[in-house]
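Spelled out, the chains give:
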Amino acid sequence: MLRRTGRLALFLLLALAVLGLGAWGALALWFRAPGPELVRGALAVLWAAALLAILAGLFTVRRRQAAVAFAACAIGLIGWWLTIRPSNTRDWTPDVARTAHGEIVGDRLTVHDVRNFRWRSDTDFDQAWDTRSFDLGKLEGADLFLSYWAGEAIAHAIVSFQFADAPPLAFSIEIRKERGEDYSAIAGFFKSYELAFIAADEQDVVKVRATARGEDVRIYRLDIQKATARTLIERYLAAANRAYAEPEWYNTFTTNCTTVIFGMARVMDPGIPMDWRVLLSGYLPGYLYEHDFLSRKVSLEQLVSAAHIGPRAPGPADDPGFSARIRDGVPTP
């Protein structure tokens with residue numbers, strides 16, 4: 001009886017593996033196989049049909065041959081998948097044509113390729129890339145921007161560092177799109193986009209989302225010590241330098257604008273608990289509030305209400321008062 005139960009369990013696991021690899025492989029071929037849509041679609045259909053035939057074979061006397069065929073298909077697919085490597089040399093869209101990199105010498109932080117675009121619309125803008133230096137001894141803290149574009153569950157996270165003697169420096173972890181390429185959350189699971197670490201002026205990376213793109217941008221002043229803010233900006237620079245030297249894949253679930261930040265925070269403090277709101281980043285303020293990373297002077301509802309920068313965001317293209325204006329009325333730690 002135990003032997004029969006064990007064989008049945010093994011058979012069911014194998015059947016589930018065939019179904020899982022069939023679905024995953026069809027999507028991987030559709031998104032990443034070379035060639036036009038017709039070719040990729042045909043490959044995905046052929047793969048799905050082959051795996052369904054293998055699944056049917058598991059229910060016949062030829063189940064052993066079906067298992068061998070499944071192993072061969074799995075090895076072939078995974079072998080092909082491992083050959084797909086990220087690159088830093090593609091025909092990128094202008095906003096991600098460069099990525100941040102830099103160095104720290106003592107208290108002097110130098111960041112190269114800081115994006116400083118002036119956006120009139122999402123397609124009409126003046127390009128500028130700067131090299132900026134900062135005195136880490138004048139680092140005062142960090143703020144979190146969350147930009148919502150499709151409901152309350154998902155938001156893009158931007159961390160901006162504040163200095164006593166210099167404009168803020170914002171870091172945005174984004175997909176690195178090629179010209180003519182559109183974003184798809186499903187495609188993001190299948191090595192479709194490289195990861196881009198963008199360092200930018202807030203007049204660029206925050207304002208474009210709140211104005212030209214019409215997103216609901218909210219700001220939260222983080223309640224962290226200056227030493228913690230310094231460690232965090234050092235982590236950002238180290239991660240940006242790694243991606244600059246060795247490209248990385250973006251992944252919708254595991255390697256995105258929020259999970260990368262959480263990973264850096266976990267390195268600094270392994271005791272920070274994982275939470276479903278890290279994945280559904282639109283609800284991140286509740287997580288931060290519960291763990292004392294936001295001001296407790298007011299309720300979470302009041303923080304959220306004051307966080308919307310939309311009414312304060314519009315202004316001239318060259319807008320030196322932007323960063324101060326969008327923080328007006330936002331509770332501080």
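Our subject is the structure listed above.
Residues numbered from 1 in each chain as written. Predicted model: local features only at pLDDT ≥ 70, side-chain atom pairs only at ≥ 80, totals over all residues. Heavy atoms only, no water.

**Q** Any chance you could break down the overall build of the chain for me, citing the residues and the numbers?
**A** Secondary structure assignment for the chain yields eleven helices and ten strands. When the backbone C-alpha atoms are referred to their principal axes, the chain occupies close to 75 × 45 × 40 Å. By residue count, 47% of the 333 residues in the chain fall in the buried class. A sequence separation of at least 24 residues applies to 66% of the contacts in the chain between residues at least 6 apart. Per element, the accessible surface of the chain, about 16,600 Å² overall, is 60% carbon and sulfur. Across the chain, the centroid of the 37 positively charged side chains sits 10 Å from that of the 37 negatively charged ones. (Helix = DSSP H or I, 4+ residues; strand = E, 2+ residues; numbered from the N terminus. Buried < 20%, exposed > 50% of the residue type's maximum accessible area, 1.4 Å probe, protein only. Contact = heavy atoms within 4.5 Å. Areas by Shrake-Rupley, 256 points an atom, 1.4 Å probe, with all protein chains shown as cover. Lys, Arg positive; Asp, Glu negative; His and termini not counted. Charge placed at Lys NZ, Arg CZ, Asp CG, Glu CD.)

**Q** Provide a residue-level description of the packing of aromatic side chains, including the pertinent values.
**A** A full pass over the atoms with the stated rule returns 17 aromatic pairs. Relative to tyrosine 250, the ring of tyrosine 183 lies with its centre 6.4 Å away and its plane at 75°, an arrangement referred to as edge-to-face. With tyrosine 183 in the loop between strand S8 (169-176) and strand S9 (194-200) and tyrosine 250 in the loop between helix H6 (226-245) and helix H7 (259-268), this residue pair connects regions lying 67 residues apart in the sequence. Taking 5.7 Å as the distance between ring centres and 55° as the angle between the ring planes, the aromatic pair formed by tryptophan 276 and tyrosine 283 counts as tilted. One aromatic cluster is present, formed by Trp24, Phe31, Trp80, Trp81 and Phe190 through successive ring pairs. A cation sits over an aromatic face here: arginine 218 above tyrosine 148, 3.8 Å from the ring centre. (Phe/Tyr/Trp six-rings, centres within 6.5 Å; stacked < 30°, edge-to-face > 60°. Lys NZ or Arg CZ within 6 Å of the ring centre and 35° of its normal.)

**Q** Give a detailed account of the packing of helix H2 (residues 37-57) against helix H3 (residues 63-82), specifying residues and quantitative values.
**A** At their nearest, the axes of H2 and H3 sit 8 Å apart, and the two run at 150° to each other. Comparing their axes, H3 and H2 come out roughly antiparallel. Once H2 is placed against H3, the crossing between them reads as left-handed. For the pair H2 and H3, the contacting residues are Trp47, Leu51, Ile54 and Gly57 in the first and Arg63, Ala66, Ala69, Phe70, Cys73 and Leu77 in the second. Partitioned by chemical class, the residues of the contact of H2 with H3 number eight nonpolar, one polar and one charged. (Axes fitted to C-alpha atoms, helices over the stretch in contact; angles between N-to-C directions. Parallel < 35°, antiparallel > 145°, perpendicular 65-115°, else oblique. Left-handed = near helix turned anticlockwise from the far one by under 90°. Nonpolar A, V, L, I, M, F, W, Y, C, P; charged D, E, K, R; others polar.)

**Q** Mind laying out the environment of proline 168, listing which residues take part and the relevant values?
**A** Along the chain, the position of proline 168 falls in the loop between strand S7 (155-163) and S8. For proline 168, a relative accessible area of 10% gives the class buried. Here the alpha-carbon distance between proline 168 and tyrosine 220, two residues 52 residues apart in the chain, equals 14 Å. In this structure proline 168 touches Ser160, Phe161, Gln162, Ala200, Glu202 and Ser323, once residues within four positions along its chain are discounted.

**Q** Go over the environment of aspartate 126 with me, naming the residues and quoting the values.
**A** In this structure, aspartate 126 sits in strand S4 (residues 125-126). The contacts of aspartate 126, once residues within four sequence positions are left out, are Phe117, Arg118 and Arg120. Within the local environment of aspartate 126, its side chain forms a polar contact with the side chain of arginine 120, the two groups lying 2.9 Å apart. (Polar contact = N/O pair within 3.5 Å; in protein donor to acceptor, adjacent residues only side chain to side chain.)

**Q** Describe the side chain of arginine 176, naming the residues involved and giving the relevant values.
**A** Turning to its location among the elements, arginine 176 is positioned in strand S8. Although arginine 176 lies buried, it forms no salt bridge, and the closest oppositely charged side chain, glutamate 194, sits 7.1 Å away as judged by the N-O distance. Side-chain polar atoms of arginine 176 contact the side chain of asparagine 88, separated by 3.2 Å. The contact partners of arginine 176, leaving out residues within four places of it in the chain, are Asn88, Trp92, Val96, Ala97, Arg98, Thr99, Glu181, Glu194 and Ala196. (Salt bridge = Lys/Arg side-chain N within 4 Å of Asp/Glu carboxyl O.)

**Q** Tell me about the pairing of S8, and please be specific about residues and values.
**A** For S8, the buried fraction is high: eight of the eight residues fall into the buried class. Direction of pairing for S7 relative to S8: antiparallel, over a ladder of four bridges. Within S8, the residue paired with valine 159 across the bridge is phenylalanine 171. (Pairing = 2+ DSSP bridges.)

**Q** Give me the pattern of salt bridges: which residues, what numbers.
**A** Side chains carrying opposite charge are able to pair once their charged atoms draw close together. Tallied over the entire structure, the rule returns 24 salt bridges. Taking the shortest distance from any N to any O, the salt bridge between arginine 218 and aspartate 216 comes out at 2.8 Å. Accessibility expressed as a relative area gives 4% for arginine 218, which makes it buried. Each member of the salt-bridge network shares a partner with another, and the members are Asp143, Glu202, Arg221 and Arg327.

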